[in-house]
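Below are the chains, spelled out letter by letter.
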Amino acid sequence: MKESEGKSVVYSALEVANICGVVNQTAINWIRNKHLKAFSTPGGQFRVYPEDLIEFMQSRNMRIPESVLENCSSEVSSFKDFKILVIDDDEGFNNVMVKYIENKFPEAKVFQAFDGFEAGSKMVEKQPKCLVLDLNLPGVDGLKLCKTIYNSEVFGHPEIIVVTALEEDGIEQKCRDLGVKYFLKKPVFVPELLKIISEIFS
């Protein structure tokens, strides 16, 4: 790891390999095949900025060490201080989604709610920018909840990603008519969900 003008830290191919848990040649191949952005020193050695390494590791669902995050400039760490709330009464599904989101976006703050009442409290208290919302919550009309979230100032106008197992005809169109941009059917294809979250925070 060496200092570089304009950006304080860069990684060698060997350091990248150690961080990612692979052999040195694998890291070199990533760079040569343009999977991982890098530059060459006058001596022909590859160097990688922390921001580019983080982007690469996120794209491959790798866990990013705190030491790498700390070396990333705050203005490039686009997920820092962003908040996501997962609202689903299925505790297993909720926990799995949170685990995937935290692994993909370690700088984001991820919260959970398991019913409509808890969701309302968390939205007011935490002011998340993104909601992963199950429409079929006990005692709650999911469509009315979406409408309330969009029409109320107290929730901070978060983006809603609807996830549902409901087979009701026209349910997706009803959501979109309310302003919902993102609609996913269960079982959720996790890479698609993570891609949507990345788009929301980009």
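Structure: above.
The shown structure was predicted, so the numbers you read here are calculated from the model rather than taken from an experiment. (Residues numbered from 1 in each chain as written. Predicted model: local features only at pLDDT ≥ 70, side-chain atom pairs only at ≥ 80, totals over all residues. Heavy atoms only, no water.)

Visitor: I keep staring at the packing of helix α1 (residues 13-20) against helix α2 (residues 24-32) and nothing clicks. Help me out?
Guide: Helix packing geometry: the angle between the two helix axes and the distance between the axes. Running from N to C, α1 and α2 point in directions that differ by 110°, and their axes come no closer than 8 Å. Relative to α2, the element α1 lies roughly perpendicular. Between α1 and α2, the residues in contact are A13, L14, V16, A17 and C20 and N24, A27, I28, W30 and I31, respectively. Residues belonging to the contact of α1 with α2 are distributed by class as follows: 9 nonpolar, 1 polar and no charged. (Axes fitted to C-alpha atoms, helices over the stretch in contact; angles between N-to-C directions. Helix = DSSP H or I, 4+ residues; strand = E, 2+ residues; numbered from the N terminus. Parallel < 35°, antiparallel > 145°, perpendicular 65-115°, else oblique. Contact = heavy atoms within 4.5 Å. Nonpolar A, V, L, I, M, F, W, Y, C, P; charged D, E, K, R; others polar.)

Visitor: Looking at this model, I keep getting lost on the pattern of salt bridges. Mind explaining?
Guide: Side chains that carry opposite charge are capable of pairing whenever their charged atoms lie near each other. As enumerated under the stated definition, the model contains 8 salt bridges in all. K186 is the salt-bridge partner of D134, the closest N and O atoms lying 3.8 Å from each other. Taken together, the positions of D134 in strand β7 (residues 130-134) and K186 in the loop between β9 (182-185) and α9 (190-201) put the pair 52 residues apart, joining distant regions of the chain. Close ionic contact of K181 with E159 constitutes a salt bridge, the shortest N to O distance being 3.3 Å. (Salt bridge = Lys/Arg side-chain N within 4 Å of Asp/Glu carboxyl O.)

Visitor: Sorry, what's going on with the sheet that holds β7 here?
Guide: Within a sheet, neighbouring strands are paired by backbone hydrogen bonds and run either parallel or antiparallel to one another. In space, the 5 strands of this open sheet follow the order β6-β5-β7-β8-β9, with parallel pairing throughout. Two strands in the sheet have a free side with no partner beyond their single neighbour: β6 (109-113) and β9. When the angles between neighbouring strand axes are averaged without regard to direction, this sheet yields 15°. Sheet topology places strand β8 (residues 159-164) next to β9; 4 bridges connect them, and they run parallel. Bridging from a neighbouring strand, T164 pairs with K185 of β9. The sheet contacts of helix α5 (residues 91-104) involve β5 (83-87), β6, β7 and β8, and relative to β6 the element is tilted by about 175°. (Pairing = 2+ DSSP bridges.)

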